[in-house]
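Reading the structure
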Amino acid sequence: MLHQGTRAQARLQEMGIDEPKIRRELQTDGFSVVHGFLSEEIRRGVGMACNTIIDKMLESMASENKPIMMEPGAGTLSKKLLSMHKQYPEDSPKYFSSELHVKGMYDVFLHPDAIDLGMDLTGCEELRLCAGYRVNMHYPRDEPKKAYQIGHLDRFGKYLDLEPDALHKALGYPNKRRRAVGLWAPIAPNTENGASITVYTASHLLGALSCSTSPQGDMQLDTSVVQDCKRETIALTAGDMLVYHPWLVVEKPTFQPLDDQVGFSIDWMYQDTAAGEALDVPAHVVRSLVDMDREIQEEEEWIELQEVAQS
């Protein structure tokens, strides 16, 4: 009888995903790239989901006497966001998170191959989707890039002020069993090498680094601590996916060109449920070898969880 990990590896291999290579690169570099992971159909579903959310936001703003004068050709999601961003920059969203319990997002966060990968890389019996799953908006002439560790961020993208030992128990120690694995994928625009993310190779081996916060609660990392790590920029096309260790130091992604459109990306993290007790944040079970009834198994279940996510 095949072990769960062996079965997952076999399924991933059938899909052209080289799990042993990803495992090696995560160990040595802290990241690995899987090309063409999210299909065009799934990316289109994400766009439709975001369009639904934006339309609700526009209706709400109109009811608050904040009507949006649409830019020419503003029927597209990108144009709607640009119109909002120019007229009411303080109200324009930087990301969606708890709003994502809508049709179209289940296929990303409950992607069977992504879950197989998460189960295999953590070696756990039960895997959960951590709070903080997001669709990010990247506007033209966006704020300068900054370095951060995703493992230090809470569900709202702010600095999680916990002792390093607590963070290590929740998300894993360097060079020991992984407790969590992060995923990031550009969604649009669909141009070759249209998105890029800068990483500090092997910085995950330093573990959870000491950080400070800005007055807005944003994480501030002194990059001198990673000066011995190779800084390299990884170019990706829509649908490619970066698999990374939670302690990898990265910089805010960039999208080119972005003269008249908004870039979109998704990031999410899977975690061993057994380690989740060390990090008291909401999460959803996506695969369980202990009790299948704990799993989210249908899109309707995902949609019904919106009230939980927003609590």
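Scope of this entry: the structure provided in the associated data block. No experiment lies behind these values; they were computed from the predicted model shown.

Another point: the overall build of the protein chain. Looking only at helices and strands, the protein chain has nine helices and 15 strands in total. Expressed as a percentage of its 311 residues, the buried residues of the protein chain come to 54%. The contacts of the protein chain with a sequence gap of at least 6 include a subset with a gap of at least 24, amounting to 82%. When the accessible surface of the protein chain is split by element, carbon and sulfur atoms take 50% of a total near 14700 Å².

Here helix α3 (residues 40-63) crosses helix α4 (residues 77-87) at 35°, and the two axes come no closer than 10 Å. Between α3 and α4 lies a crossing whose hand is left-handed. Two secondary-structure elements touch here, α3 through Gly47, Cys50, Asn51, Ile54, Asp55, Met57, Leu58 and Met61 and α4 through Leu77, Lys80, Leu81 and Met84. Class assignment for the residues of the contact of α3 with α4 results in eight nonpolar, two polar and two charged.

Here the focus is the side chain of glutamate 295. Within the fold, glutamate 295 resides in the loop between β15 (283-288) and α8 (299-304). At a separation of 2.8 Å, a polar atom in the side chain of glutamate 295 contacts the main-chain amide nitrogen of serine 288. Excluding residues that lie within four positions of it along the chain, glutamate 295 makes contacts with Val285, Val286, Arg287, Ser288 and Glu301.

What follows is about unusual backbone geometry. Here asparagine 65, not a glycine, exhibits a phi torsion of approximately 65°, which is positive. Within the element layout of this structure, asparagine 65 appears in the loop between α3 and α4. Here alanine 202, not a glycine, exhibits a phi torsion of approximately 70°, which is positive. Locating alanine 202 in the fold gives a position in the loop between β7 (195-200) and β8 (212-213).

Moving on: the pairing of strand β6 (residues 180-188). Among the nine residues in β6, eight count as buried, and that is most of the element. For β6 and strand β14 (residues 263-272), the ladder comprises eight bridges, and the chain directions are antiparallel. Across the sheet, residue tryptophan 184 finds its bridge partner in β14, namely aspartate 267.

Definitions and cut-offs
- Residues numbered from 1 in each chain as written.
- Predicted model: local features only at pLDDT ≥ 70, side-chain atom pairs only at ≥ 80, totals over all residues.
- Heavy atoms only, no water.
- Helix = DSSP H or I, 4+ residues; strand = E, 2+ residues; numbered from the N terminus.
- Buried < 20%, exposed > 50% of the residue type's maximum accessible area, 1.4 Å probe, protein only.
- Contact = heavy atoms within 4.5 Å.
- Areas by Shrake-Rupley, 256 points an atom, 1.4 Å probe, with all protein chains shown as cover.
- Axes fitted to C-alpha atoms, helices over the stretch in contact; angles between N-to-C directions.
- Left-handed = near helix turned anticlockwise from the far one by under 90°.
- Nonpolar A, V, L, I, M, F, W, Y, C, P; charged D, E, K, R; others polar.
- Polar contact = N/O pair within 3.5 Å; in protein donor to acceptor, adjacent residues only side chain to side chain.
- Pairing = 2+ DSSP bridges.

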